[in-house]
Amino acid sequence: MRVFVTGASGWIGSAVVPELIGAGHHVLGLARSDASAATVTAAGAEVLRGDLADQDALRAGAAGADAVVHLAFVHDFSRFEASIRTDAQAIETLGAALEGSGKPLVIASGTPAVPGGTATERDGAAPGSPAAGREANARAALAMAAHGVRSSVVRLPRTVHGEGDGGFVARLVAIARDRGVAGYVGDGAGRWPAVHVGDAAHLFRLAVERAPAGSVLHAVADEGVPVREIAGVIGRHLHLPTASVPAEEFGFLGGILAVDQPASSTLTRESFGWEPHRPGLLDDLEQGHYFA
Ligand SMILES: NC(=O)c1ccc[n+]([C@@H]2O[C@H](COP(=O)([O-])OP(=O)(O)OC[C@H]3O[C@@H](n4cnc5c(N)ncnc54)[C@H](OP(=O)(O)O)[C@@H]3O)[C@@H](O)[C@H]2O)c1
């Protein structure tokens with residue numbers, strides 16, 4: 001297939017592109033800068049220059065493709081509402097370009113938090129929760145199934161880890177270094193689901209190749225790792241004490257650390273035969289690359 005990938009130069013895109021190419025697909029990657037274009041080219045993909053807000057570029061990329069994987073997202077947490085709107089517009093444009101074709105549109109989203117429970121593929125984000133905006137965009141993508149688009153949503157857990165990760169776990173390491181303490185919020189019992197980036201990339205490929213229209217998939221390997229244990233490994237590697245610290249010390253991450261949010265992937269594994277086999281979060285942290 002010829003697959004148009006937005007966010008091809010990003011953390012997850014940089015794993016999805018080789019996964020697709022390795023399986024014999026051809027990739028066209030959206031790139032908004034020379035540096036991103038160089039990353040996409042180096043991964044063996046063709047480049048389409050354009051910004052996420054450039055609807056003509058998105059339309060052109062999708063119209064010439066057999067499948068679309070939408071990973072780009074403006075990660076500016078100080079203007080999250082604007083990022084959600086940009087994402088919504090991009091999804092609408094990509095979906096419209098595929099309408100009536102039966103071609104796959106696979107978008108990234110996040111696993112929801114279910115108070116007192118473990119989130120499954122059938123659960124949704126609570127209205128008004130931080131994830132609600134992305135959930136609405138995911139629902140809009142799934143609704144395109146009724147218009148001849150083989151749309152699906154791959155929900156990612158709180159951390160998609162691996163060597164080169166610059167996301168939440170890398171940020172926790174940086175904050176620990178800055179503050180001289182490997183911290184957690186409250187009693188640290190809140191759990192984060194996790195997946196290795198290579199295993200997540202594999203699930204995106206399976207979604208492109210065979211997710212039925214309207215599917216929700218969970219790229220979850222670890223159902224829930226207590227944040228106190230994450231802090232414990234960070235503290236040991238950095239030779240720092242591990243302790244509870246006020247949520248404000250983590251900036252926007254404070255609220256995310258405070259919430260117990262385990263998620264399962266039982267339905268995804270059953271439906272798609274997906275089995276993560278790369279290191280779990282704590283084993284990956286033990287390998288030391290987060291502290292180099
Ligand atoms: N990583 C995680 O742990 C995690 C967890 C849950 C959900 N997710 C979701 O998974 C998706 C991929 O995440 P990621 O970790 O790969 O993010 P990332 O490393 O920040 O990459 C974001 C990608 O989006 C592109 N992008 C950002 N703004 C753009 C714009 N205005 N125009 C065009 N492209 C733009 C970036 O291009 P440049 O290279 O030019 O910056 C990059 O390719 C996102 O939807 C993210 O929210 C990730």
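Our subject in this report is the structure included herewith.

Calculation notes
- Residues numbered from 1 in each chain as written.
- Predicted model: local features only at pLDDT ≥ 70, side-chain atom pairs only at ≥ 80, totals over all residues.
- Helix = DSSP H or I, 4+ residues; strand = E, 2+ residues; numbered from the N terminus.
- Expected span 1.5 Å × (residues − 1).
- Buried ≥ 20, exposed ≤ 12 C-beta atoms within 10 Å, placed from the backbone.
- Arc of directions from axis to C-beta.
- Near = placed C-beta within 6 Å.
- Nonpolar A, V, L, I, M, F, W, Y, C, P; charged D, E, K, R; others polar.
- Domains from an automatic or database assignment.
- Pairing = 2+ DSSP bridges.
- Axes fitted to C-alpha atoms, helices over the stretch in contact; angles between N-to-C directions.
- Contact = placed C-beta atoms within 7 Å.
- Parallel < 35°, antiparallel > 145°, perpendicular 65-115°, else oblique.

### Re helix α6 (residues 168-179)
Item 1. The end-to-end C-alpha distance of α6 is 16 Å, a good match for the 16 Å that twelve residues give at a rise of 1.5 Å each.
Item 2. Of the residues making up α6, those classed as buried are F168, V169, L172, V173 and A176. With its buried residues spanning 150° around the axis, α6 presents them on a single face. Exposed positions of α6 whose direction lies more than 90 degrees from the buried face are A174 and D178.

### Section: the site of the ligand
Item 1. G10, W11, L52, A72 and F73 are the nearest of the 23 residues found near the ligand.
Item 2. Of the residues in the shell around the ligand, the class split is eleven nonpolar, ten polar and two charged.
Item 3. Here the shell around the ligand spans two domains, since at least three of its residues come from each of domain 1 (2-157 + 195-218) and domain 2 (159-194 + 222-263 + 279-291).

### Considerations on the sheet that holds strand β4 (residues 67-70)
Item 1. Pairing is parallel in the open sheet, where seven strands are placed in the order β3-β2-β1-β4-β5-β6-β10. One side of each edge strand has no neighbouring strand; the edge strands of this open sheet are β3 (46-49) and β10 (215-218). Averaged over all pairs of adjacent strands, the angle between their axes in this sheet comes to 20°, without regard to strand direction.
Item 2. Bridge count for β4 against strand β5 (residues 104-110) is three bridges, and the pairing is parallel. Within β5, the residue paired with H70 across the bridge is I107.
Item 3. Where helix α7 (residues 197-210) meets the sheet, it contacts β1 (2-6), β4, β5, β6 (150-156) and β10, and its direction lies at approximately 165° from that of β6.

### Thoughts on the packing of helix α4 (residues 80-98) against helix α5 (residues 132-143)
Item 1. Closest axis-to-axis distance for the α4/α5 pair is 10 Å, and the angle between their directions is 5°. One finds that α4 runs roughly parallel with respect to α5. On α5, the residues that touch I84, D87, A88, I91, E92 and G95 of α4 are G133, R134, N137, A140 and A141.
Item 2. In terms of residue class, the contact of α4 with α5 is made up of five nonpolar, three polar and three charged.

### Comments concerning the environment of V259
Item 1. Position of V259 among the secondary structure elements: in the loop between α9 (253-258) and α10 (266-272).
Item 2. A count of 16 C-beta atoms within 10 Å places V259 in the partly exposed class.
Item 3. Each C-alpha atom, one on V259 and one on V185, is 9.2 Å from the other, the two residues being 74 residues apart in sequence.
Item 4. In this view, V259 contacts A113 and G190; residues no more than four positions away in its chain are not counted.

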